[in-house]
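Coordinate inspection notes
Now for the letters of each chain:
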Amino acid sequence: MSFTLSSRAIAILLALLVASVLTTFAWIGPTLSFREACLGAGITVAACFLLVYLSFEALIFREVNNIYAGLEHVKRKEFRRLSNKFLFRPEPLKRIRDEILDMAVRKQEEIDELKRLQVLRREFLADVSHELKTPIFAAQGFVHTILDDDEMDELTRRKFLRKAADSLDALDALVQDLVTISQLEKGVVRMRRQRFDVAQLIQDIFEQLELKAKQRRVHLHLEPATLPANGMWVLADRNRIRQVLINLIDNAIKYGREDGHVTVTLHQAPKNVRIEVHDDGSGIAKEHQSRIFERFYRIDKSRSRDSGGSGLGLAISKHIVEAHKSTIKVRSESGQGTTLEFKLPKPKQDVAVEAPAAAVPLPG
């Protein structure tokens, strides 16, 4: 049979034990009478009871109640009320309380993060299903139309086969993007850093995207107009940076203003080159700026995949730039366009000696 004692009962027992010992010694002593010994015992019992009981209340039970109260604040996510912690308290119970509350705060934050990741996982699966379903259904529809219509003429048949092939090509590109971003997130893709002229790379991309820019009457500019004679050399994975710049410039053409301008600006610093891609479109609202690098995230949900892309371009670009120990930053104001920028390191020989604008071109 088990039973528990309250703090008051424990205090009474301890007080009686201490008083009994003191009274015994006092009674045995020759200087005290029996009445005086009883009076001393009563005073001792009362004093010991008050001291022990208050000690239990102040040092143990009150602190335990504070721990429970603190845990309630953690459950309510009222972390600011727990900010008055001291790292070097002499009271062991208060130190235990602080450690328990600190652990509870961390665990609550981990739970919140897991919930957030769960929501992102559900959104990702839904987006992947939708993005895969669109080209599959399109190709399936064209192929079944050809199979079901035996009297279809050769021209129409080839037209439908071409559309089915285009849908499958889009599906293949989407799958390749998914594989790429998965490898980048796992860190299994190594950046093959090499020395190249980033200004020349941008000019090549301008030529590649020239037709798309003309369709929207968008003018492509590289600033500064007068570049150093030896170019602007960086140390990075040329193919991956090309992929990043194509994504950024292509987005600027699509979301910029028709009859507008897309400007790529190069800022040369002692140790790096900062690349800015600016469009003069409607801009990105503040609530979207922190999410544009998420997979499949679209600001305008009504845009089709053809007009708005799969939503993986910026996510891939973010991972590639981060693999180069840099970050993509976004600056945007409503009605003033959007600027995306990142930095790339210079080769060591270019960092050690800054060549003048009219210098002899460096060996490739």
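So, how was this worked out
Sequence positions are assigned chain by chain, starting from 1 and proceeding in written order. The predicted origin of the model limits local features to residues at a pLDDT of at least 70 and limits the giving and counting of side-chain atom pairs to 80 or more, whereas totals for whole chains, interfaces and linings rest on all residues. Heavy atoms from the whole structure form the basis of all side-chain values; hydrogens and water molecules are not counted. When a residue's accessible area, from a 1.4 Å probe over protein chains only, is under 20% of the maximum for its type it is buried; when over 50% it is exposed; and in between it is partly exposed. What counts as a helix is a DSSP run of H or I of at least four residues, what counts as a strand is a run of E of at least two, and both are numbered from the N terminus. We call two residues contacting when some pair of their heavy atoms lies within 4.5 Å. What we call a nonpolar core is a set of buried Ala, Val, Leu, Ile, Met, Phe, Trp, Tyr and Cys residues that are connected through their side-chain atoms within 4.5 Å. Any two strands are treated as partners once DSSP identifies two or more bridges connecting them. As a rule, the C-alpha atoms of each element are fitted with a line to give its axis, helices using only the stretch in contact, and angles between N-to-C directions run from 0 to 180 degrees. Confidence of the predictor at the level of single residues is given by pLDDT, which spans 0 to 100. For patch detection, residues must exceed 30% relative accessible area and be free of salt bridges, and they are connected within 9 Å for like charges or within 5 Å for nonpolar side chains (Val, Leu, Ile, Met, Phe, Trp, Tyr). What sets the accessible areas is the Shrake-Rupley method with a 1.4 Å probe; for residues, cover comes only from the shown protein chains. The term salt bridge refers to a side-chain nitrogen of Lys or Arg lying within 4 Å of a carboxyl oxygen of Asp or Glu. We treat Lys and Arg as the positive residues and Asp and Glu as the negative residues; His and chain ends play no part in the count. Charge placement uses NZ in Lys and CZ in Arg. For Asp and Glu, CG and CD serve respectively. Angles below 35 degrees are treated as roughly parallel, those above 145 as roughly antiparallel, those between 65 and 115 as roughly perpendicular, and all remaining angles as oblique. Take the far helix as your reference; a near helix turned counterclockwise from it by less than a right angle gives a left-handed crossing, and one turned clockwise gives a right-handed crossing. Residues are grouped as follows: Ala, Val, Leu, Ile, Met, Phe, Trp, Tyr, Cys and Pro are nonpolar; Asp, Glu, Lys and Arg are charged; every other residue, Gly included, is polar. Stacked, edge-to-face and tilted labels apply to pairs of Phe, Tyr and Trp rings (six-membered ring for Trp) whose centres lie within 6.5 Å, assigned for plane angles under 30 degrees, over 60, and everything in between, in that order. Ring-over charges, as used throughout, are those where CZ of Arg or NZ of Lys falls within 6 Å of the ring centre and within 35 degrees of the ring normal.

Considering helix α10 (residues 313-323)
- Of all the positions in α10, only L314, A315, I316, S317, H319, I320 and V321 are classed as buried.
- Packing partners of the buried residues in α10 comprise α4 (154-186), α7 (238-255) and β7 (338-345).
- Positive backbone phi, at 60 degrees, marks K325, one or two positions downstream of α10.

A look at the nonpolar core
- Core analysis: the largest hydrophobic core is formed by 50 residues, its most contacted members being V198, L245, I249, L266, I275 and F342.
- Listed by contribution, the elements that provide at least two residues to this core are α4, α5 (198-208), β3 (233-236), α7, β4 (261-268), β5 (272-279), α10 and β7.
- When residues of this core are assigned to their parent elements, the largest contribution, eight residues, is made by α7.
- The residues contacting F342, other than those within four sequence positions of it, are V244, L245, L248, V273, R274, I275, V321, S326, T327 and I328.

Some remarks on the sheet that holds β4
- Here we have five strands laid out as an open sheet, ordered β2-β4-β5-β7-β6, and mixed in their pairing. The two strands at the open ends of the sheet, each matched to only one other strand, are β2 (219-223) and β6 (329-332). Along the sheet, successive strands turn relative to each other by an average axial angle of 15 degrees, direction set aside.
- With four bridges connecting them, β6 and β7 associate as antiparallel partners. Counterpart to K329 in the pairing with β7 is E341.

What to know about the confidence of the model for the protein chain
- Of all residues in the protein chain, 72% have pLDDT values of 70 or greater, and the mean over the chain is 77.
- A low-confidence stretch, residues 85-90 stays under pLDDT 50, and its non-local contacts, those more than four residues away or across chains, total nine contacts.
- Contacts of residues 304-308 to residues separated by more than four positions or lying in other chains number 11 contacts, the stretch itself having pLDDT below 50.

Re a negative patch on the surface
- There is a patch of like negative charges on the surface, built from D148, D149, D150, E151, D153 and E154.
- Counting through the fold element by element, E151 comes out in the loop between α3 (92-148) and α4.
- Look at E151 and you get exposed, because its relative accessible area is 75%.

Some points on the pattern of salt bridges
- Tallied over the full model, the rule gives 16 salt bridges.
- Salt-bridge contacts for R238 lead to D204; the nearest nitrogen and oxygen are separated by 3.7 Å. In this pair, R238 is assigned in helix α7 and D204 in helix α5, connecting sequence segments 34 residues apart.
- Judged by relative accessible area, D204 falls into the partly exposed class, the value being 25%.
- We note a salt bridge from E341 to R331, for which the minimum N-O separation is 2.3 Å. With E341 in strand β7 and R331 in strand β6, this pair connects stretches of sequence that are 10 residues apart.
- Among the charged side chains, a network of salt bridges with common partners joins R216, R217, E258 and D259.

Concerning the packing of α7 against α10
- Between α7 and α10, the least distance of the axes is 9 Å, while the angle of their chain directions is 140 degrees. On the basis of the axis angle, α7 is oblique to α10. The chirality of how α7 crosses α10 is left-handed. Here α7 contributes R240, Q243, V244, N247, L248 and N251 to the contact with α10, which in turn contributes G313, L314, I316, S317, I320 and V321.
- When the residues that make up the contact of α7 with α10 are grouped by side-chain class, the tally is six nonpolar, five polar and one charged.

Some details on the packing of aromatic side chains
- Taken as a whole, this structure holds one aromatic pair when the rule is applied.
- Against the face of W233 rests R195, its NZ or CZ located 4.2 Å from the ring centre.

Side note on the packing of α4 against α10
- α10 packs onto α4 with a crossing angle of 30 degrees between their chain directions and a minimal axis gap of 10 Å. In terms of orientation, α4 and α10 fall into the roughly parallel class. Remark: the crossing between α4 and α10 carries left-handed chirality. Residues D177, T180, I181, L184 and E185 of α4 touch α10, and the partners they reach there are A315, I316, H319 and I320.

Describing the pairing of β7
- By the criterion of burial, β7 is predominantly enclosed, with six of the eight residues buried.
- Inspection of the sheet shows β5 paired to β7 by eight bridges, in the antiparallel sense. For V273, the partnering residue across the bridge sits in β7 and is L344.
- Hairpin connection from β6 to β7: five residues lie between these consecutive antiparallel strands, with G335 at a positive phi of about 80 degrees.

Points about unusual backbone geometry
- The amide bond that connects E223 to the next residue, P224, takes the cis arrangement and shows omega of 0 degrees.
- Structurally, P224 can be placed in the loop between β2 and β3.
- Not every positive phi belongs to a glycine, and R217 is a case in point at roughly 55 degrees.
- Relative to the elements of secondary structure, R217 occurs in the loop between α6 (210-215) and β2.
- Not every positive phi belongs to a glycine, and K325 is a case in point at roughly 60 degrees.
- Along the polypeptide, K325 turns up in the loop between α10 and β6.
- Using a relative accessible area of 76% as the deciding quantity, one classes K325 as exposed.

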